[in-house]
Amino acid sequence: MNFRRKCLSISFSIICLVSALAIAQAQSTQPQSAPASKPPSNQAAAKAAAAKAREEAEQREAVPAGPPPQIASGDAPAPAINAPRIVGATPGRPFLFKIPATGAEPLTYAADALPSGLILDAETGVISGALQGEGSFHVTLTVSGPKGKAVRDLTIVGGTDQLALTPPLGWNSWNAWGRSVTAEHIRAAADSMVKSGLAAHGFQYINIDDAWAGERDANGRIQTNEKFGDMRALADYVHSKGLKLGIYSSPGPRTCAGFEGSYLHELDDAKTYAEWGIDYLKYDWCSYGRIFAETKQTIEDRKAPYIRMKQALGLSGRDIILSVCQYGDGDVWTWGQSVGGNLWRTTYDIRDRWLSMSEKGFATSPIAQYAGPGHWNDPDMLVVGKLGWGPKLHDSRLSPDEQLTHITLWAMAAAPLLIGCDMTQMDQFTTDLLCNDEVLEVDQDPLGKAAVKKYEIPEVRAEVWTRPLSDGTTAVALFNRGKEAAQIAADFAKLGIEGKQPIRDLWRREDLGQFEKSWSASIAPHGARLLKIGVAKRIE
């Protein structure tokens, strides 16, 4: 194999040469498309014991499902322009943004002061083209319909490394379809994101996870497998709806499901992704662990494969978000931004169980400082709706209150919201959880300051979290981690809030009144309330 051709630059040639022996060993031991060989009996026994202990712990924490929590449902007939309020791109590269707007149809769209190089389709609300220069451009959007019109500002930032200025909103195939995913699933997901209204609420990424890749041709170019066929045509289909397409690979020779990875083909793959029209890459550690094991296992060794891919993406000619997925090892939140990651997984895979979800979500507070515009903590994909990891699906095992806590936690944490369910089968409750614009505004707040736990109430296993918002108000979440209903208070003194303040319940979309020292409510076991406290200093 000609390793110099595969390296991104002379600076990486030494890394590539040192890795030559490692890849030979890895390729000889990694599965091709079949599962890994059965582990020794002692490992199997240990794994079974751990699974049993985990199940017993889940049973101890389980609470009976009560009545569904009270949340607002549906959209108002008057037009509204929804989050995000800021978007960035590299000048000269393809730009695509669908204005997220709701209201009685038909809607028409207008944009004043669009930067040079961009055009708006007045019927679909899709802005496309390519920015011609760097800068921050303030665009006034207007959406009109039979019930009135809405006006709101959108900031478009042109420059290098200006992607994911708010956490990505989208969908990923893994939690629904696992290895069984097909191109038909992806087209159906794109259709459903528009039909369900999710796109009108800001969701835009349709991400293919593992199991799409075939082998490489004689020139080293990655091919799709028989389930996917023409990836460029699939990307064109997704883009035609104003949405963006994501893909998956590994820095190792094989992905976690045993398909072809990107090891020693980083630049080849990045250029292929760009030619296909890919907008997002989830880059999963997987078999790279065997290569890492042959190094000194320093933080620099952990960084190396992501630096190589980030440089490759930079040379591809297309804006592609980089999602660093290596499960939080090596405290990735302390260095993920330095390797060019736009988001990084902070945990191992989530499951639709209370312990799995709550452990991952509540663990974001101590690392909140590392999140910000362009670089986000990612506690994994959402587990609401119909899931199954393919091909058989089931309703989420989280209770309705636990699902409410799930979305509340992720929004407060400024986490990416990547839907994991089959969007063709969403019920009204799931739709209402995902399409509440006041909750999404918290997640997408352009200030980008993630929430922290402000105080605990140990006797009832309650926590109160706060997040400062760009309009000068404060998002406050009350969480009941206990197994019994509990009265939980937002104590103004502990929150650093002074004087009489208005409080709004974001899930119910209703004003609760003016309060001076505190506000409290009885919260169901494993439930939550999400409040906005204060007077907005800037109104758009």
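Further up the page is the structure itself.
On a predicted model such as this, the values are computed, not experimentally measured, just so you know. (Residues numbered from 1 in each chain as written. Predicted model: local features only at pLDDT ≥ 70, side-chain atom pairs only at ≥ 80, totals over all residues. Heavy atoms only, no water.)

(A) Geometry of the overall build of the chain. Helix and strand counts for the chain come out as 15 helices and 29 strands. Relative to the 2.2 N^0.38 estimate, which gives 24 Å for 540 residues, the radius of gyration of the chain is 23 Å and therefore close to what a compact globule would have. If one aligns the C-alpha atoms of the chain with their principal axes, the spans along those axes are about 70 × 60 × 40 Å. In the chain, buried positions account for 58% of the 540 residues. Look at the contacts in the chain between residues 6 or more apart in sequence, and 71% of them connect residues 24 or more apart. Counting only carbon and sulfur atoms, one obtains 51% of the accessible surface of the chain, whose full area is about 21,900 Å². (Helix = DSSP H or I, 4+ residues; strand = E, 2+ residues; numbered from the N terminus. Rg over C-alpha atoms; globule rule 2.2 N^0.38 Å. Buried < 20%, exposed > 50% of the residue type's maximum accessible area, 1.4 Å probe, protein only. Contact = heavy atoms within 4.5 Å. Areas by Shrake-Rupley, 256 points an atom, 1.4 Å probe, with all protein chains shown as cover.)

(B) Just the state of the cysteines, in detail. Within this structure, the stated rule accounts for 1 disulfide. Put simply, Cys256 and Cys286 are joined by a disulfide, and their sulfur atoms are 2.0 Å apart. When the S-S torsion is -100°, as for the bridge of Cys256 with Cys286, the disulfide is left-handed. Highlighted residues: Cys256 in the loop between β14 (244-249) and α8 (266-276) and Cys286 in the loop between β15 (280-284) and α9 (288-292), separated in sequence by 30 residues. Its relative accessible area of 15% is what places Cys286 among the buried residues. As a non-bridged cysteine, Cys325 has Cys286 as the owner of its nearest cysteine sulfur, 7.1 Å distant. (Disulfide = S-S within 2.5 Å.)

(C) Quick peek at the pattern of salt bridges. The final tally for this structure, using the stated rule, is 29 salt bridges. Where Arg508 meets Asp505, a salt bridge forms, and the shortest distance between an N and an O atom there is 3.8 Å. Here Arg508 falls in the partly exposed class, since its relative accessible area comes to 24%. Owing to a relative accessible area of 0%, Asp505 belongs among the buried residues under this scheme. With its nearest N and O atoms 2.7 Å apart, the salt bridge here joins Asp505 to Arg529. One end of the pair, Asp505, is in strand β26 (residues 501-505); the other, Arg529, is in strand β29 (residues 528-533), with 24 residues separating them in the sequence. (Salt bridge = Lys/Arg side-chain N within 4 Å of Asp/Glu carboxyl O.)

(D) Focus on the pairing of strand β24 (residues 474-480). Counting buried residues in β24 gives 6 out of 7 residues, a clear majority hidden from the surface. Here 7 bridges tie strand β23 (residues 462-468) to β24, and the two strands are oriented antiparallel to one another. Opposite Thr466, over in β24, you have Val476 as the bridge partner. Where β23 folds back on β24, the antiparallel hairpin that results is connected by 5 residues, among which Gly472 adopts a positive phi of roughly 90°. Here β24 runs beside β29; their pairing, made up of 6 bridges, is antiparallel. When the sheet's bridge partners are listed, Leu478 is paired in β29 with Arg529. (Pairing = 2+ DSSP bridges.)

(E) Main features of unusual backbone geometry. Residue Pro106 is reached from Glu105 by a cis peptide bond, and omega for that bond is 5°. With respect to the helices and strands, the residue Pro106 is situated in the loop between β4 (101-102) and β5 (108-112). A cis amide bond, omega -10°, links Gly390 with the succeeding residue Pro391. Within the element layout of this structure, Pro391 appears in the loop between β19 (386-387) and β20 (394-395). Despite not being glycine, Tyr327 has its phi angle at roughly 70°, a positive value. Tracing the chain through its elements places Tyr327 in the loop between β16 (321-325) and β17 (343-345). We note that Ala414 has phi near 55°; this positive angle belongs to a residue other than glycine.

(F) The arrangement of helix α12 (residues 400-412) in detail. Compared with an ideal rise of 1.5 Å per residue, which puts 13 residues at 18 Å, α12 spans 18 Å between its outermost C-alpha atoms and is within 8% of the ideal. Counting buried positions along α12 yields 12 of 13 residues, so the element is predominantly enclosed. Within the sequence span of α12, burial applies to Asp401, Glu402, Gln403, Leu404, Thr405, His406, Ile407, Thr408, Leu409, Trp410, Ala411 and Met412. Taken from the residues just after α12, Ala414 is the one with a positive phi, measuring 55°. (Expected span 1.5 Å × (residues − 1).)

(G) Seen up close, the sheet that holds strand β18 (residues 376-378). One open sheet holds the 8 strands; their spatial order is β18-β17-β16-β15-β14-β11-β10-β21, and the pairing between them is parallel. In the strand order of this sheet, the two ends are held by β18 and β21 (417-419), each with one partner. Taking the axes of each pair of neighbouring strands and ignoring which way they run, one obtains an average angle of 25° across the sheet. In the sheet, strand β10 (residues 169-172) pairs with strand β11 (residues 205-207) via 3 bridges, with the strands oriented parallel. The partner of Gly170 across the bridge, within β11, is Tyr205. Against the sheet, helix α7 (residues 231-239) touches β11 and β14, its axis set at about 140° to β14. (Axes fitted to C-alpha atoms, helices over the stretch in contact; angles between N-to-C directions.)

(H) Layout of the packing of aromatic side chains. Evaluated as defined, the whole model comprises 13 aromatic pairs. When the centroid spacing of 5.7 Å and the interplanar angle of 85° are considered together, the rings of Trp212 and Trp276 count as edge-to-face. Here Trp212, found in the loop between β11 and β12 (213-216), pairs with Trp276, found in helix α8; they are 64 residues apart in sequence, far enough to count as distant. Here Trp212 falls in the buried class, since its relative accessible area comes to 2%. The class for Trp276 is buried, based on a relative accessible area of 9%. (Phe/Tyr/Trp six-rings, centres within 6.5 Å; stacked < 30°, edge-to-face > 60°.)

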